[in-house]
Amino acid sequence: MGGPPAPLPSSDDRRPGGPMTAAQLLQQLTDQLRRRESAETLSVQLGHAQRLGNMGWAQWNLRTGEAVWSDHVYVIFGRDPSAGPVGLSELADHVEPADLSTLDQLLWAVGEGVEPVHAEFRIRRGGEVRNLRVVLEPLVGAGETTGVHGVVQDITGRRRAERIMSESRRQLIEARERAAEERNVMIALREAILPEPVGCLDLPRTRVAVRYVPAEKAANLGGDWFEAAGLPDGRVLLAIGDVSGHGLPAIAHMAQLRHALIGLTMTGQAADQLLSWLNELVMHRLHDTTATALIGHLDTNTNVFTWGQAGHLAPILVRDGTAKQLDSPRGVLLGAVGEQPYELASIELRPDDLLLLFTDGLVERRTRDLDEGLALALSAARELPVYDLDSGLDRLVASIGGPNPEDDACLLAVGILDL
């Protein structure tokens, strides 16, 4: 490309040093071929660059009105090259009406300035709208603008991607806001269902502290619960449990189970009978649900804690600087099978003893084994101060990894004071 080939040099050509030798003639022919191949390669590379960047160049002569477009500008405008380029003054016929003012400002700026100017506007190509970015540079000669050189880029795909990303960000923000609102509602509901123990639990020789630790993810707030209440016969009911599932259904089932327990305790029955009744409730009223539970009674006169459990983790006893889990009496998961007996276990607590009841959300993590979590809980429980259980529970939760991202947790600590 670029015209007819250069004529071959004659052997009679003369140089200052004498006639051209055969080697010199061959070198001159090679140089000419390289220049021609270099121009062809440059043209091919330029064409590739225009296609990859979806861009092309144009030039308008303001004196003659002539215009020159590169091949890809025709592609961008969807114009047949045989129709020729569009004049600068005719661009308005292709621009969306809402963007005509942008084009006018661009043309005024390039006509009055000496620096490149740019703008983005839309054109209609057939039945579709395309987004263009145009950079125009004035060509100045003899102190006046004689022409305009431009680069035209189709950025429709980029704009579409930006709109999709913007919409995705908006949806993400809305989803986060909805999740935060849902989380606040569920936490408020749980706090209404699980109030802090008050009144008769301020016992002369006993301290009781509770904690509900919500899961970090709103969708994983679940059915963990506790109860600590004084009974008419002078005993203290201490109970904790976990209903399967997450979200509002689990919270609703948890409320039914806990409220049923509060009513049943008025019968004065022991923990094994209470667990049997709760199992019947789950089996026949809370369909497709299972739950764990630990129920005990503390006699504040003798400091004897009598308890039973239904598939729940055993409490931790801290005594004389050591911590261990108590041996569990027999008891199956609530809602698993009917008419299964529950057993009782008893332990006499001593002054300075501490008993920690907890749900599995405290020790279970997706990233570690249950045994590892229990070992951390045992180690942290040794540091719980009997006389300051509230702050001690906060430190315990922090020391074993903080709130569980996947599950909520409840803790109930009982300390016997040495008075």
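Worth saying up front: this structure is predicted, and the values here are computed from it rather than measured. (Residues numbered from 1 in each chain as written. Predicted model: local features only at pLDDT ≥ 70, side-chain atom pairs only at ≥ 80, totals over all residues. Heavy atoms only, no water.)

Observations regarding the overall build of the protein
Alright, step 1. Scanning the protein from N- to C-terminus turns up eight helices and 17 strands.
Alright, step 2. Buried positions account for 41% of the 419 residues belonging to the protein.
Alright, step 3. Total accessible area computed for the protein in this model is approximately 22500 Å², and 53% of it derives from carbon and sulfur atoms. (Helix = DSSP H or I, 4+ residues; strand = E, 2+ residues; numbered from the N terminus. Buried < 20%, exposed > 50% of the residue type's maximum accessible area, 1.4 Å probe, protein only. Areas by Shrake-Rupley, 256 points an atom, 1.4 Å probe, with all protein chains shown as cover.)

Points about the pairing of strand S13 (residues 316–319)
Alright, step 1. With burial as the criterion, each face of S13 is covered, one bearing Ile316 and Val318 and the other bearing Leu317 and Arg319.
Alright, step 2. Bridge count for S13 against strand S14 (residues 322–325) is four bridges, and the pairing is antiparallel. Among the inter-strand pairings, Ile316 is bridged to a residue of S14, identified as Gln325.
Alright, step 3. The antiparallel hairpin formed by S13 and S14 contains two residues in its connecting segment, where Asp320 sits at a positive phi of about 55 degrees.
Alright, step 4. As paired elements, S13 and strand S16 (residues 354–358) share three bridges and run antiparallel to each other. Residue Ile316 lies in a different strand from S16, and its bridge partner there is Leu356. (Pairing = 2+ DSSP bridges.)

A few points about the sheet that holds strand S15 (residues 345–348)
Alright, step 1. Strand order in the open sheet formed by five strands is S9-S10-S11-S12-S15, and the pairing between neighbours is antiparallel. Of all strands in the sheet, those bounded by a partner on one side alone are strand S9 (222–230) and S15. Between one strand axis and the next, the sheet turns by 15 degrees as a mean value, whatever way the strands run.
Alright, step 2. Relative to strand S11 (residues 291–299), strand S10 (residues 235–246) is paired through nine bridges, and the arrangement is antiparallel. Paired with Arg235 across the two strands is Asp299, which belongs to S11.
Alright, step 3. Packed on one face of the sheet, helix H5 (residues 247–265) meets S9, S10 and S11 and runs near 20 degrees to S9.
Alright, step 4. Packing of helix H6 (residues 271–284) onto the sheet brings it into contact with S11 and strand S12 (304–310), and relative to S11 it is tilted by some 155 degrees. (Axes fitted to C-alpha atoms, helices over the stretch in contact; angles between N-to-C directions. Contact = heavy atoms within 4.5 Å.)

Topic: the side chain of Asp408
Alright, step 1. Looking at where Asp408 falls in the secondary structure, it is placed in the loop between helix H8 (389–399) and strand S17 (409–416).
Alright, step 2. Within the local environment of Asp408, its side chain forms a polar contact with the side chain of Tyr212, the two groups lying 3.0 Å apart. (Polar contact = N/O pair within 3.5 Å; in protein donor to acceptor, adjacent residues only side chain to side chain.)

Side note on unusual backbone geometry
The phi angle of most residues is negative, glycine excepted, and most peptide bonds adopt the trans form.
Alright, step 1. Residues other than glycine seldom take positive phi values, yet Asn303 does so here, at roughly 60 degrees.
Alright, step 2. Classification of Asn303 as buried rests on a relative accessible area of 6%.
Alright, step 3. With a phi angle near 55 degrees, Asp320 is a residue other than glycine that sits in the positive phi range.
Alright, step 4. Using a relative accessible area of 69% as the deciding quantity, one classes Asp320 as exposed.

Details of the packing of aromatic side chains
Alright, step 1. Scanning the entire structure with this criterion turns up two aromatic pairs.
Alright, step 2. Between Trp69 and Phe77 the ring centres are 5.0 Å apart and the planes differ by 35 degrees, which places this aromatic pair in the tilted class.
Alright, step 3. With relative accessibility at 7%, the residue Trp69 sits in the buried group.
Alright, step 4. Each residue in the set Trp69, Tyr74 and Phe77 is aromatic and connected to the rest through ring pairs, giving one cluster. (Phe/Tyr/Trp six-rings, centres within 6.5 Å; stacked < 30°, edge-to-face > 60°.)

Some points on the environment of Asn131
Alright, step 1. Structurally, Asn131 is set in strand S6 (residues 128–141).
Alright, step 2. For Asn131, a relative accessible area of 14% gives the class buried.
Alright, step 3. When the C-alpha atoms of Asn131 and Arg158 are compared, they prove to be 8.9 Å apart, with 27 residues separating the residues in sequence.

Quick notes on the confidence of the model for the protein
Alright, step 1. Mean pLDDT for the protein: 83, with 81% of residues reaching 70 or above.
Alright, step 2. Counted against residues more than four places away or in other chains, residues 1–16, with its pLDDT under 50, gives 14 contacts. (pLDDT = per-residue confidence, 0-100.)

A few points about the pairing of strand S3 (residues 55–61)
Alright, step 1. Side chains Gly56, Ala58 and Trp60 of S3 all project onto a buried face; the interleaved residues Met55, Trp57, Gln59 and Asn61 project onto a face where none is buried.
Alright, step 2. Where S3 meets strand S7 (residues 144–154), seven bridges bridge the pair, whose relative direction is antiparallel. Counted as the bridge partner of Met55 is Gln153 from S7.
Alright, step 3. Judged from the three bridges that link them, S3 and strand S4 (residues 67–69) form a sheet pairing that is antiparallel. From the neighbouring strand, Gln59 faces S4, where its bridge partner is Val68.
Alright, step 4. Hairpin connection, S3 to S4: the antiparallel pair is bridged by five residues, and Gly65 has positive phi, about 80 degrees.

Re the environment of Val117
Alright, step 1. Topologically, Val117 is positioned in strand S5 (residues 117–125).
Alright, step 2. What makes Val117 buried here is its relative accessible area of 18%.
Alright, step 3. As a C-alpha pair, Val117 and Leu106 span 11 residues in sequence and 6.9 Å in three-dimensional space.
Alright, step 4. Setting aside anything within four residues of it in sequence, one finds Val117 in contact with Leu106, Ala109, Val110, Val134, Val135 and Leu136.

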